[in-house]
Amino acid sequence: MNGIPPNINRLDFYPAETVFSWASRYHLRFGNAQIRDTYEALFCTRRIRVHPFLPHSLMNIAGERKLDEIVREHTLYPLFAYFGFDPTGDYIRSMAVESKRTNANLIAHAGLGGLAGHYFCPLCVDEVRQVTGLRIYTIHPQFPGVDCCPIHGIQLLVTENSDFGIDRKLKLPTYDLNNVKGSASKNRIVAFKAMQLINNLAHSSFNEHEKHIQYYRSILKQLGLVTLHDQVRESQLRQDISKYYEDFKPQKGLEKVTTFKFLGPLLRESTNFTQHPFHHLLLQVWLDHVISIDDGRFLKVEEDANRKRNIDDLVLSMLVDGFTKAEIKKQLACGHSVIERVAALNGIKIDRLPSSHPKWYQQFLILALLGRHRQSIADFLSLKLHVVETEISKVPGLAEWRHNLAKMRRLERSLYMIKHAVENHADWSRQNIKQLYNKEFFYLYKYAPERLEELLPPKMAYHTPVLDCSEEDERIYLDILKIENIQDMSISKVSHLLLGHGRLLKRMEKLPKSKQLLITLGVLKEEH
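Cut-offs and rules
- Residues numbered from 1 in each chain as written.
- Predicted model: local features only at pLDDT ≥ 70, side-chain atom pairs only at ≥ 80, totals over all residues.
- Heavy atoms only, no water.
- Salt bridge = Lys/Arg side-chain N within 4 Å of Asp/Glu carboxyl O.
- Helix = DSSP H or I, 4+ residues; strand = E, 2+ residues; numbered from the N terminus.
- Buried < 20%, exposed > 50% of the residue type's maximum accessible area, 1.4 Å probe, protein only.
- Axes fitted to C-alpha atoms, helices over the stretch in contact; angles between N-to-C directions.
- Parallel < 35°, antiparallel > 145°, perpendicular 65-115°, else oblique.
- Left-handed = near helix turned anticlockwise from the far one by under 90°.
- Contact = heavy atoms within 4.5 Å.
- Nonpolar A, V, L, I, M, F, W, Y, C, P; charged D, E, K, R; others polar.

Novice: With reference to specific residues and values, describe the pattern of salt bridges.
Specialist: In total, this model carries 17 salt bridges according to the counting rule given. Ionic pairing is found between Asp288 and Lys193, a salt bridge with its closest N-O pair at 2.9 Å. Residue Asp288 is located in helix H13 (residues 277-293), and its partner Lys193 is located in helix H9 (residues 185-201); the two are separated by 95 residues in the primary sequence. Note on Asp288: relative accessible area 31%, which makes it partly exposed. Residues Lys394 and Glu391 are paired through a salt bridge, measuring 3.7 Å at the closest nitrogen-oxygen approach. With a gap of three residues between them, Lys394 and Glu391 both fall in helix H20 (residues 385-394), about one helical turn apart. For Lys394, a relative accessible area of 55% translates into the label exposed.

Rendered as structure tokens:
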């Protein structure tokens, strides 16, 4: 589509008016019978939901010449682009074709959890109505997370943008001035900063993500909230910013932002990722406040920097005056390595001998070697738990000894029990010992098989047990007498009735009484 479509020539945008508001006025101005007819005329589709601040299919109403103007002045795309969204320009390119879906990566509003819709200040809308005779939506109140008018200090009203909302009806703002509610002062400050951002970004370049991150870190560094290794003191930062926003009342569904857990990912230099504009807004408002009050922390940081630069001179002067390492460390709050480095560079000898152990140390060492629990040692010696743990870690091999002590004790106990059983019961076999000392036997079998083999009695030769068939012979004898007409049966059938599977024939030589009865009955022939 080239040039400017006729629709934009027939009805101009008001300053900062949203696309949804313009489409609603277009529908009312030209009196289409059905809303879907207006949608088809403007967006080339009969069903669409116009997003409050990132609408799509703008090429259908703007054309190539007006597209940049509408995107900059009537959407929040400049805001999202400034804070790192859409770095490759996918959103702009998507508007050059007829698309029925929004760029979900840009609309991070859903990630905040607030109420989606078209926001407006009823007093601002009423002022515009008195001049133009029309009620319109403007782009400034659409900043996600902002629910207050910076001019009038009242809560914004909203036309819901959801399946249960009315935005598909292309309806202009409706309100009752008697239901206007005031807003917290801190919310008004945040809303004013949001309005400033939108106005400033309407004519600025996009994708300034890296620049404002560097700006944040430079201010935090002056406040002493960045370490010498360029790490943000996140805990202190969250504590300070939370204190400032104590009287801030977040929009319903956005309570989680007041935890300020987003500050770490936002401020990291190498591993930061894109954050929602509302997160940047809260941080910028606080930074503006801190800079404006100038609470003296800037000067304090400079003094600390000068002190750190002169630390070597201070250590050297104290070494020359004869101070000990402990005294220097306590007074200057520096490490032993700094003192030793300064002494070595200036040829000063210092005592490197470790201090003598405290009186309780010998008792501690005995209890630790015996495997007593850390808390028990601490209670017995009236020490703190972390002191006991630190001393255990200082002794080479002590932690490993305590870790293996229970295993060694069980091993020795198992050896003692097996040895005692073998010495006191010389007639016991290995099987007897295994049955009576099962746990000890198999613990040694797993962890000390060689020592177990040394303790156990010699292995016994296997003897095949002699089978006694006398009782079986008597039982079969009685069963043969119970069989009727046995004279007419073969030996195989008799065997099947008695035992089955031909077992009688296999065991005949071990059943003499039964064999003689079968011969007498004529079932079995007598051998010659």
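Novice: I'd like a rundown of the packing of helix H19 (residues 374-381) against H20, residues and numbers included.
Specialist: For the pair H19 and H20, interaxial distance at closest approach is 9 Å and the crossing angle is 115°. In terms of their interaxial angle, H19 and H20 are classed as roughly perpendicular. Relative to H20, H19 is oriented so that their crossing is right-handed. Seen from H19, the contacting residues are Arg374, Gln375, Ile377 and Ala378; seen from H20, they are Leu385, Val388, Glu389 and Ile392. Class assignment for the residues of the contact of H19 with H20 results in five nonpolar, one polar and two charged.

Novice: How would you explain the packing of helix H21 (residues 398-424) against helix H23 (residues 438-447) if you had to name every residue and give the values?
Specialist: One can describe the packing of H21 onto H23 by two numbers: an axis separation of 9 Å at closest approach and a directional angle of 120°. As summarised for this structure, H21 and H23 are arranged oblique, according to the angle between their axes. For the pair H21 and H23, the sense of crossing is left-handed. Here H21 contributes Lys407, Arg410, Leu411, Arg413, Ser414, Leu415, Met417 and Ile418 to the contact with H23, which in turn contributes Glu440, Phe441, Tyr443, Leu444 and Tyr447. Residue composition of the contact of H21 with H23, by class: eight nonpolar, one polar and four charged.

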